[in-house]
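# Report on the structure
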Amino acid sequence: MKKRMIRGTVLACVAAAAVTGCTTDKGASAEMSKGCEPSVVVKPFGKTKDGQLVQQYTLTGAGGVVMDVIDYGGKVVRLYTPDRSGAKTDITLGFNTVGGYETQDPYFGSLIGRFGNRIASGKFTLDGKTYTLPLNNTPGDMPCSLHGGDKGFNAYVWHSEPLSEGKSVGIKFTVTSPDGDQGYPGKLDVTVHYWLTPENVWRIEYEAVTDKATPVNLTQHLYFNFKGEAEGSILDHELTLFADRMTPVNKGLIPTGQIVPVKGTPFDFTTPWAIGARINADNEQLRFGGGYDHNWVLNNQSGKLAPAAALYEKTTGRYLEVWTSEPAIQFYCGNFLTDQVPSKKPGKNLCYRGGLALETQHSPDSPNQPSFPSTILRPGAVYKSVTEYRFGVK
Ligand code: BGC
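This text gives an overview of the structure that appears in the document. Note that this is a predicted model, so its numbers are computed, not measured.

Moving on, we get to the sheet that holds strand β28 (residues 356-361). What the 6 strands build is an open sheet, ordered β19-β28-β27-β24-β21-β22; its pairing is antiparallel. Where the open sheet ends on each side, the last strands, each with one partner, are β19 (223-224) and β22 (260-261).

This is the structure we're talking about:
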């Protein structure tokens, strides 16, 4: 998408926004009417514990979707989409304060890097040299490095600028991760564009360059609950995955290296299935994941944008298609979520499996898995990846 940078803090149709109730003091409003002029409104969200200012961008899309996004981790804090009757609800998990994200955060709504998903034992060897990463996760008592380490891209305050192009609005995020950051080699310069289009598509464009060979696997960790944040579990959501194969894992959720067909197993989502329908099947993979927490190899391996997943919730009619240029997708159904996690709604907590993530990426542990597509970025090359979350109703 071509970009035009827009300057200043209050952009495009803030006047229209004020009149129609597109925004409120608490952020985007559920009552925002369809057909509002697209806008980007910037205001302070809070401060990190080390005193960095965190800004919030409210993207109001011409098609009716509204997103509150912060420059801390590029996190989507709130995401309002219309249901079948046009009523808007916040359908993503998050926190109202920076402190919420800093104290307990299952990567809600966040950009993830340098390496999304797990690297076994926090080690990989590249061009003859072994690198050691922080061990920040121990499923099945097997330590690994998860989602970029102790301070991944989710915990950076990114440089950010509002964008507008035609009827689309967006944000440009940039960050420089220094050589050796979290144990990874090379200075990595990363640019991520978020676009919200009049067709209610949230398009994410990732780019990165390095000065030394290094693994890169960027993704977005938004959690969905189409009935609304803190409105119960997602087990009744119907999922389709455009994937005939998946990568089985060991008890540490590290791929064994095999790529197996899903046909005839609870992992076959090639036609729509309620997430809860087979989740308690007698299946070792489901036991290892505590439910679905696995990586599917997408049928599209062309590197071009193609359908990866679809999600539908029949009471609200909300329907989503995920399109990506990536070769794989992690489907995680919130098995580690509990009712100890506060929601954004006052006095209300989340629940076990209260949200699900569809994370487009390369398969986990790729730097140690010679049979998986490479995640190594070399100097002179440009890492490029595109994912679209296309919101609608049925
Ligand atoms: C992983 C889960 C992990 C979660 C953290 C997901 O991407 O697949 O295993 O617990 O991230 O929020």
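The strand order across the open sheet built from 9 strands is β13-β14-β15-β16-β30-β26-β25-β20-β23, with neighbouring strands paired in antiparallel fashion. Here the strands that pair on one side only, and so sit at the sheet edges, are β13 (159-165) and β23 (273-274). Relative to strand β26 (residues 318-324), strand β25 (residues 306-312) runs antiparallel, the two being bridged by 6 bridges. What sits directly across from Ala310, in β26, is Glu321.

What follows covers the side chain of Thr214. When you line up the elements, Thr214 lands in strand β17 (residues 214-215). In this structure the side chain of Thr214 is engaged in a polar contact, spanning 3.5 Å, whose partner is the side chain of Arg114. The residues contacting Thr214, other than those within four sequence positions of it, are Arg114, Leu126, Tyr184, Pro185, Leu188, Thr375, Ile376 and Leu377.

Turning to the site of the ligand, a few remarks are in order. Near the ligand you find Pro106, Tyr107, Arg118, His147, His221, Tyr223, Asp293, Gln330, Tyr332, Phe336 and Glu359, and these make up its full shell. Residue Arg118 places a side-chain N or O atom 2.8 Å away from an oxygen atom belonging to the ligand. Measuring from an oxygen atom of the ligand, one finds a side-chain N or O atom of Tyr223 at 3.0 Å. Calculation on the ligand without its partners gives an accessible area of 310 Å², and the protein chains cover 95% of this total. Grouping the amino acids of the shell around the ligand by side-chain chemistry returns 5 nonpolar, 3 polar and 3 charged.

Here we take up the nonpolar core. If you look at the biggest cluster of nonpolar residues, it comprises 60 residues, and the most contacted ones within it are Phe224, Tyr292, Trp296, Phe331 and Leu358. Here this core takes 5 residues from strand β15 (residues 188-196), the largest share from any one element. Here Trp296 is in contact with Leu241, Ala243, Arg245, Met246, Val262, Phe267, Phe269, Pro327, Ala328, Ile329 and Phe331, once residues within four sequence places are set aside. Among the nonpolar cores identified, the runner-up in size contains 17 residues, and Phe45, Val54, Tyr72 and Leu337 belong to it.

Moving on, we get to the pairing of strand β14 (residues 168-177). Counting buried positions along β14 yields 7 of 10 residues, so the element is predominantly enclosed. Bridging between β13 and β14 involves 7 bridges; their strand directions are antiparallel. Each bridged residue has a counterpart across the sheet, and for Ser164 the counterpart in β14 is Val169. Where β14 lies against β15, 9 bridges are found, and the strand directions are antiparallel. Residue Val175 lies in a different strand from β15, and its bridge partner there is Val190.

What follows is about the state of the cysteines. Enumeration according to the criterion identifies 0 disulfides in this entry. This cysteine, Cys333, is not joined by any disulfide, and Cys351 carries the nearest cysteine sulfur, 11 Å off.

This part is about the side chain of His237. Tracing the backbone through its elements, the reader meets His237 in the loop between β19 and β20 (238-241). In this structure His237 comes out as buried when scored by relative accessible area, which is 0%. Here Asp236 takes part through its side chain, which lies 3.2 Å from a polar atom of the side chain of His237. Sequence-distant contacts of His237, defined by excluding residues within four places in its chain, comprise Asn225, Phe226, Lys227, Trp273, Ala274, Ile275, Leu311, Tyr312, Glu313 and Leu356.

Cut-offs and rules
- Residues numbered from 1 in each chain as written.
- Predicted model: local features only at pLDDT ≥ 70, side-chain atom pairs only at ≥ 80, totals over all residues.
- Heavy atoms only, no water.
- Pairing = 2+ DSSP bridges.
- Helix = DSSP H or I, 4+ residues; strand = E, 2+ residues; numbered from the N terminus.
- Polar contact = N/O pair within 3.5 Å; in protein donor to acceptor, adjacent residues only side chain to side chain.
- Contact = heavy atoms within 4.5 Å.
- Near = heavy atom within 4 Å.
- Areas by Shrake-Rupley, 256 points an atom, 1.4 Å probe, with all protein chains shown as cover.
- Nonpolar A, V, L, I, M, F, W, Y, C, P; charged D, E, K, R; others polar.
- Core = buried A, V, L, I, M, F, W, Y, C linked by side-chain atoms within 4.5 Å.
- Buried < 20%, exposed > 50% of the residue type's maximum accessible area, 1.4 Å probe, protein only.
- Disulfide = S-S within 2.5 Å.

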